[in-house]
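Observations on the model geometry
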Amino acid sequence: GSYDWLVPADLALGSTYFIRVKTIDSLLQDDSDAFSIIKPTITVTAPTTGTVWVKNATKAITWTKQGTQDASVKIQLYKGTSKKLDIALATENDGAFDWLIPSSLANGTNYTVRVATLDGKVTGKGAEFAIAAGRLQVTAPAAGAVWERGLVHIITWTSEGTVNPRVKIQLFKGTTLKSTLAASTENDGSFAWTIPAGQALASNYKVRVKTVD
């Protein structure tokens, strides 16, 4: 009623395999349900494409795994094709690792994280992301928001890392700068803006918050 089968390493991958068991005289037989043959994989799920991670902050590198593989992994940071550092020489292959981003790393884009089993049989490469000294993120107005002319609305943002204490706030329509709402205001995460009664109606406005430096 059982048979131990070592799946050949060179067997083609696929999802339409089935097992047939029949008597030697072929009078009786039965087929298994369809099943898949896979190879072990690691998929890095964070950082994601376009993420900006700030130096001196702790961020979670995450990954998923499929198939039987080594219980430990190493985690490496690359910039382009150049390895910059070993984030972890050996850690559990449990899908997550908290990384304190060193302040010594250069600001820039095209960083990637690689997670590889210690036996070298399985490697996963993550998406490109950026490392910066600081970061601003506008939280309001949000996508699809409708703000009424003549009323006070609160522009909000978050800041992370080493960031100048004052910011400039600008209003764009598409890619065109329409006005400066504040040439210099405190980087405290909010700004009350009274929309002029004569502001042109449109659906492609956006607010830009940037440090005065």
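Everything in this summary refers to the structure shown in the same document.

Criteria and cut-off values
- Residues numbered from 1 in each chain as written.
- Predicted model: local features only at pLDDT ≥ 70, side-chain atom pairs only at ≥ 80, totals over all residues.
- Heavy atoms only, no water.
- Helix = DSSP H or I, 4+ residues; strand = E, 2+ residues; numbered from the N terminus.
- Rg over C-alpha atoms; globule rule 2.2 N^0.38 Å.
- Buried < 20%, exposed > 50% of the residue type's maximum accessible area, 1.4 Å probe, protein only.
- Contact = heavy atoms within 4.5 Å.
- Areas by Shrake-Rupley, 256 points an atom, 1.4 Å probe, with all protein chains shown as cover.
- Lys, Arg positive; Asp, Glu negative; His and termini not counted.
- Charge placed at Lys NZ, Arg CZ, Asp CG, Glu CD.
- Pairing = 2+ DSSP bridges.

As for the overall build of the protein
- A count of helical and extended segments in the protein gives zero helices and 19 strands.
- Its C-alpha atoms give the protein a radius of gyration of 27 Å, more than 25% over the compact-globule value 17 Å for 213 residues.
- In terms of principal-axis extent, the alpha carbons of the protein reach across some 90 × 40 × 25 Å.
- Taken over 213 residues, the protein has a buried fraction of 28%.
- Summarising the internal contacts of the protein: among those between residues at least 6 apart in sequence, 58% fall at separations of at least 24.
- Accessible surface for the protein amounts to roughly 13,300 Å². Of this, 51% is attributable to carbon and sulfur atoms.
- Counting 22 positive and 18 negative side-chain charges, the protein places the averaged centre of each group 16 Å from the other.

Structural notes on the side chain of Thr-91
- Secondary-structure assignment places Thr-91 in strand β9 (residues 82-92).
- Given a relative accessible area of 17%, Thr-91 falls into the buried group.
- If sequence neighbours within four positions are ignored, Thr-91 has contacts with Ala-71, Ser-72, Val-73, Ile-75 and Phe-97.

So, the pairing of strand β16 (residues 166-173)
- Examined bridge by bridge, β16 and strand β17 (residues 176-186) share seven bridges and lie antiparallel to one another. If you follow Arg-166 over to β17, its bridge partner there is Glu-186.
- In textbook terms, the turn of a hairpin is the stretch between consecutive antiparallel strands, and for β16 and β17 this stretch comprises two residues, one of which, Gly-174, has a positive phi near 65°.
- Alignment of β16 against strand β19 (residues 205-211), held across seven bridges, turns out to be antiparallel.

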